[in-house]
Amino acid sequence: MATTVTTIKADYYDGKSSRRQQVTLAVADRSVTVRGDDVEFVVSVTDVRISPRLGGMPRRMEFPGGGAALTQDHGAVDIAFAHSARSTLAHRLESHRGVIVVALILTIGLCWSGYRYGVPWAAREVAALLPAGLEAELAEESLKAIDGFVFRPSKLGAPRRTALARSFAELRSASGLPDSVRLEFRDGNWVGANALALPGGVVVMTDQLVEVVTDERQVIAVLAHELGHIRHRHSLRYVLQDSMTALLAMAIYGDASAVAGIAATVPTTLLHAQYSQNFEREADSYAFELLKKTGRSPRELGLALRALDQAGAKKNEADNSPEAAARKEKRSHDFGYLSTHPATQDRIQAAEDAAR
Amino acid sequence: MNESKSPMAGGALPEAAQPTHPFRFTGGASEYFGIWIVNLFLSIVTLGIYSPWAKVRKLRYFYGHTWVADSNFEYHGNPVAILKGRVIALLALALYSGASYYSPKTGQGVLIVLAVVAPWLIARSMAFNAFNSSYREIRFHFKARYQEVLGAVWPFIAMAVAFFLLPQFNFEEKRPPTPVEWVVIFLPLLAVALIYPYILGAIKRLQVNHSSYGRAPLSISASIGQFYRLYLIAYAIGLVGILVLILAVMMLVFIPVIGWLAIPFAYLFFGAWYMGYLRSRTTNLTFNSTTLDGRIKFVSNMLPMSLAKIYFVNLVVISFTLGLMIPWAAVRVARYRASVLALAAGSDLDSFVAAIGQQVTATGEEMGEFFDVDLSL
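All figures in this text were calculated on a predicted structure; none of them were measured in a lab.

How would you summarise the overall build of chain A if you had to cite specific residues and measurements?
A tally of helices and strands in chain A yields 12 helices and 11 strands. Evaluated residue by residue, chain A yields a buried proportion of 40% over its 356 residues. Here the contacts in chain A between residues at least 6 apart in sequence split such that 63% fall between residues at least 24 apart.

Next comes the structure, spelled out in structure tokens:
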């Protein structure tokens, strides 16, 4: 039997001291002969553990006794130790141009669809699994927190309140939402004209909203929109989506070190705004239906939006996350304006269309 | 892509009499990009199950391309051990978030339990990482007892307990908080900021003083006070950053366009400066006061502004490419870190290092037979 001898030049360490010496590995048949100035031994080919190939780092051949030899001669290693072909699989994938391009395209696709469909879907499913009681508790907690930080007691006159509360009750019973869904009046303080739907079914309306949206029918349209948020459990889904996106971003970017974490917040902030726009549209279409059902016109919501927009409201009427209210001051006036202004036009148009 | 030049920044080292052996990083951005994207893709399609393998390949890449005195480092971590550790960490996280969803109090209770086991986990994780690192086939070791780790992290545990016992702030009254209440609200943040330098310094000291390369012990002389000094300066940078950010937000009202550009710019600029200052100073402090076997010293000449510049460019590029340039950024940082690090050996390094023997026994803890926990402290 003719045997071919493969020779590999390598650096040898005995594993007991960090002394380095040059050796030559002669691989023939089924045995490996390691020969250097102060070392000489023979081992079976199958007893040598080959480290998986990776980038440009030297290949490590570990011997049963604990010593190891390192070499850059990958070609010779792959021929001599054909039994450990598996050790090059990952490397072949990682250095193959086609595989890299495909992985790149698929990764971008997966991230995009995960953000666009996966996260909202998962948040909806998880929200549906969570008992309503938890949500109600969350509502009381967040109302208390916002009361402490932002809101003041409402200065709205009693007749005005009673009228609004009556219309709200009418909307609520038409919507089929439970009795526990209630309306709260507050002085918005620096938040200004706003209405919030807290998780668990508390709608908070600020006095400033009534000042900006002077027509009572339009205020009721805004309340219908808030009921839409409650019906679709937006606050809860918002919180869930937020934490899911953060977790995913961390899983993907976290790999890169904490510094990349800073960079990761930039895209997540943008995703944030995108999600809330989708929720606004969902709440709008719910409001259109509810308004029609109670003999009102969807146009009222469009008019309310226009009034809020023209009044230069800090952000438009509905921000469904309690945290967002607290953060609002830090955020810009124009952040809301720029990112939602075209959307506001679309929403007004949608209201006009629904009214037809 | 492998650039084998080793720019010893400045070159003028304090102990110029000693021969130095510069570190160098030979990894390349395009080569690492392929490794990164393929591993990221595999991690995503396997719903994270592949991620420990990805982590091992990443660490092997960065260790393996870091050279000093003509030899490279090696990472030997077993992905299966890391996978087990991640599953357990995930369960703990789920337990914590589930508990805090019910009530913040229960969440804090779970946090206390986690805090109590934390010293053990930290010791475990450090032992795993040390044992799985080698240079010239000689492994590193870390060994510390529970109470020794506790000595470093106890302020954190004490704080967790204190906030658990502290009464919950009551917002029943509908009025803005008084100055005293604001202090109470921000107390936890302030406490964390003040305690963090202690914990970090103590952990660095613990990590170095309880580590060895083979049988050669490592020791560090940096004091916790030195870590405090550097953190206070970093905090000052951070505070200036926050003030500038507030200014930028206020600008939005008057000159929207400039404000819009200023906010992300200020955020990334101060983020990079803060991290650049902190990382470079802690790295220099740690390395420059560390001795191997009482004879070999490390010399780290990281410049805060150079690192901050690298970070800033990295952050901008990563943001604009939605993360695709992460491999390039990581290689840039590794190359800089290596380029300013050197070993200062009194005698011929080769013969000295060769004399350092392997520690014979490795405990199960080191081998990560049970699990490795990835705590990035």
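Still to come is the rest of the account.
Which residues make up the overall build of chain B, and what are the values?
Helices and strands together make up the secondary structure of chain B, namely 12 helices and 10 strands. In chain B, buried positions account for 41% of the 377 residues. Partitioning the intrachain contacts of chain B with sequence separation of at least 6 by distance along the chain shows that 71% fall at a separation of at least 24.

With reference to specific residues and values, describe the sheet that holds strand E1 (residues 20-25) of chain B.
Residues and elements named next belong to chain B. The antiparallel closed barrel is built from 10 strands, whose spatial order is E1-E2-E3-E4-E5-E6-E7-E8-E9-E10. With strand direction ignored, the average angle separating the axes of adjacent strands in the sheet is 25 degrees. Where E1 and strand E2 (residues 66-68) come together, 3 bridges link them in antiparallel fashion. Its bridge partner being in E2, arginine 24 is matched across the sheet by tryptophan 67. Lying on the sheet, helix H2 (residues 51-64) is in contact with E2, strand E3 (71-75) and strand E4 (133-135); it crosses E3 at an angle near 165 degrees.

Can you explain unusual backbone geometry? Please cite residues and give values.
One non-glycine residue, arginine 233 of chain A, lies in the positive phi region at around 50 degrees. Following the sequence through the fold, arginine 233 of chain A ends up in the loop between helix H7 (216-231) and helix H8 (234-253). Residues other than glycine seldom take positive phi values, yet aspartate 293 of chain B does so here, at roughly 55 degrees.

So, the environment of isoleucine 146 of chain A: which residues are in play, and what are the values?
Residue and element names in this part refer to chain A. Its place among the elements puts isoleucine 146 in helix H4 (residues 132-149). Judged by local crowding, isoleucine 146 falls into the buried class, with 22 C-beta atoms found within 10 Å. For the pair formed by isoleucine 146 and glycine 157, sequence separation is 11 residues and the distance between their alpha carbons is 22 Å.

Provide a residue-level description of helix H5 (residues 158-175) of chain A, including the pertinent values.
All names here are of chain A. Counted at 1.5 Å a residue, the expected span for H5 with its 18 residues is 26 Å, and the 25 Å between its end C-alpha atoms agrees. Every buried residue of H5 is accounted for by Phe168, Leu171, Arg172 and Ser175. End-on view of H5: buried residues confined to an arc of 100 degrees, all on one side of the axis. Exposed positions of H5 whose direction lies more than 90 degrees from the buried face are Ala158, Pro159, Thr162, Arg166 and Ser173.

Residues and numbers for the pairing of strand E4 (residues 40-44) of chain A, please.
Among the 5 residues that make up E4 of chain A, 0 are buried, leaving the element largely open to the surroundings. Between strand E3 (residues 31-36) of chain A and the antiparallel strand that follows it, E4 of chain A, lie 3 residues.

Could you give an account of the sheet that holds strand E6 (residues 59-62) of chain A, with specific residues and numbers?
All names here are of chain A. A sheet is described by the order of its strands in space; here 7 strands give the open sequence E4-E3-E2-E1-E7-E6-E5, paired in antiparallel fashion. With partners counted over all chains shown, the strands left at the sheet margins are E4 and strand E5 (49-50), one partner each. Sheet topology places E6 next to strand E7 (residues 68-71); 4 bridges connect them, and they run antiparallel. Paired with arginine 60 across the bridge in E7 is leucine 70.

Any details on the packing of helix H1 (residues 29-45) of chain B against H2 of chain B? Residues and values, ideally.
Pairs of packed helices are described in terms of their axes, by the angle between the two and the distance that separates them. Residues and elements named next belong to chain B. One way to put it is that H1 packs onto H2 with a least axis distance of 9 Å and a crossing angle of 165 degrees. When the interaxial angle is binned, H1 and H2 end up roughly antiparallel. The handedness of the crossing between H1 and H2 is left-handed. The residues of H2 that touch H1, namely those facing Tyr32, Ile35, Asn39, Leu40, Leu42 and Ser43, are Ser51, Ala54, Arg57 and Tyr61. Here the contact of H1 with H2 is composed, by residue class, of 6 nonpolar, 3 polar and 1 charged.

Go over H2 of chain B, please, and point to the residues and values.
With 14 residues, H2 of chain B should cover 20 Å at 1.5 Å per step; its first-to-last C-alpha distance of 19 Å lies within 8% of that length. With respect to burial, H2 of chain B is a largely interior element, 11 of its 14 residues being buried.

Please set out the pairing of strand E5 (residues 138-142) of chain B residue by residue, giving values where relevant.
All names here are of chain B. The buried fraction of E5 amounts to 5 of the 5 residues, a majority that puts the element mostly inside the structure. Looking at chain direction, E4 and E5 are connected through 2 bridges and run antiparallel. When the sheet's bridge partners are listed, serine 134 is paired in E5 with arginine 139. Linking E4 back to E5 in an antiparallel pair, the connection comprises 2 residues, with arginine 136 at a positive phi of about 55 degrees.

So what's going on with the environment of proline 199 of chain A? Residues and values would help.
Residues and elements named next belong to chain A. Structurally, proline 199 can be placed in the loop between strand E10 (195-198) and strand E11 (202-206). For the pair formed by proline 199 and arginine 186, sequence separation is 13 residues and the distance between their alpha carbons is 17 Å. Residues contacting proline 199, with those up to four places away along its chain left out, are Glu135, Leu138, Ala139, Ser235 and Leu236.

Run through the nonpolar core, naming residues and quoting values.
Counting 90 residues, the largest nonpolar core has Ile37, Ala272 and Tyr311 of chain B as the members making the most contacts within it. The dominant element in this core, judged by the number of residues it contributes, is helix H8 (residues 256-288) of chain B, at 13 residues.

A description of the confidence of the model for chain B should follow, citing residues and the corresponding values.
Mean pLDDT over chain B works out to 81, with 83% of the residues at or above the 70 mark. Contacts from residues 1-16 of chain B, a stretch scored under 50 in pLDDT, to residues over four places away or in other chains number 20 contacts.

Could you give an account of the confidence of the model for chain A, with specific residues and numbers?
Residues and elements named next belong to chain A. The predicted model of chain A averages 79 in pLDDT, with 82% of residues at 70 or higher. For chain A, the element scoring lowest by mean pLDDT is helix H11 (residues 322-327), at 45; E7 scores highest, at 92. The low-confidence segment residues 313-342 (pLDDT under 50) makes 67 contacts with residues lying over four places distant or belonging to another chain.

Explain the packing of H2 of chain B against helix H3 (residues 79-102) of chain B to me, and be specific about the residues and the numbers.
Residues and elements named next belong to chain B. Relative to each other, H2 and H3 sit at 125 degrees, their axes nearing to 8 Å. Classified by the angle between their axes, H2 and H3 sit oblique to one another. As H2 packs across H3, the resulting crossing turns out to be right-handed. Facing Pro52, Trp53, Lys55 and Val56 of H2, the residues of H3 in contact are Pro79, Ile82, Leu83 and Arg86. Residues of the contact of H2 with H3, tallied by class, amount to 6 nonpolar, no polar and 2 charged.

Could you give an account of the environment of alanine 127 of chain A, naming the residues involved and the relevant values?
Residue and element names in this part refer to chain A. Take alanine 127: it is sitting in helix H3 (residues 97-129). When the C-alpha positions of alanine 127 and leucine 240 are compared, they lie 7.8 Å apart, and in sequence the two are 113 residues distant. If near-sequence neighbours (up to four positions away) are discounted, alanine 127 is found in contact with Arg233, Leu236, Arg237 and Leu240.

Scoring rules and cut-offs
Residues numbered from 1 in each chain as written. Chains lettered and ligands numbered in written order. Predicted model: local features only at pLDDT ≥ 70, side-chain atom pairs only at ≥ 80, totals over all residues. Helix = DSSP H or I, 4+ residues; strand = E, 2+ residues; numbered from the N terminus. Buried ≥ 20, exposed ≤ 12 C-beta atoms within 10 Å, placed from the backbone. Contact = placed C-beta atoms within 7 Å. Pairing = 2+ DSSP bridges. Axes fitted to C-alpha atoms, helices over the stretch in contact; angles between N-to-C directions. Expected span 1.5 Å × (residues − 1). Arc of directions from axis to C-beta. Parallel < 35°, antiparallel > 145°, perpendicular 65-115°, else oblique. Left-handed = near helix turned anticlockwise from the far one by under 90°. Nonpolar A, V, L, I, M, F, W, Y, C, P; charged D, E, K, R; others polar. Core = buried A, V, L, I, M, F, W, Y, C linked by C-beta atoms within 7 Å. pLDDT = per-residue confidence, 0-100.

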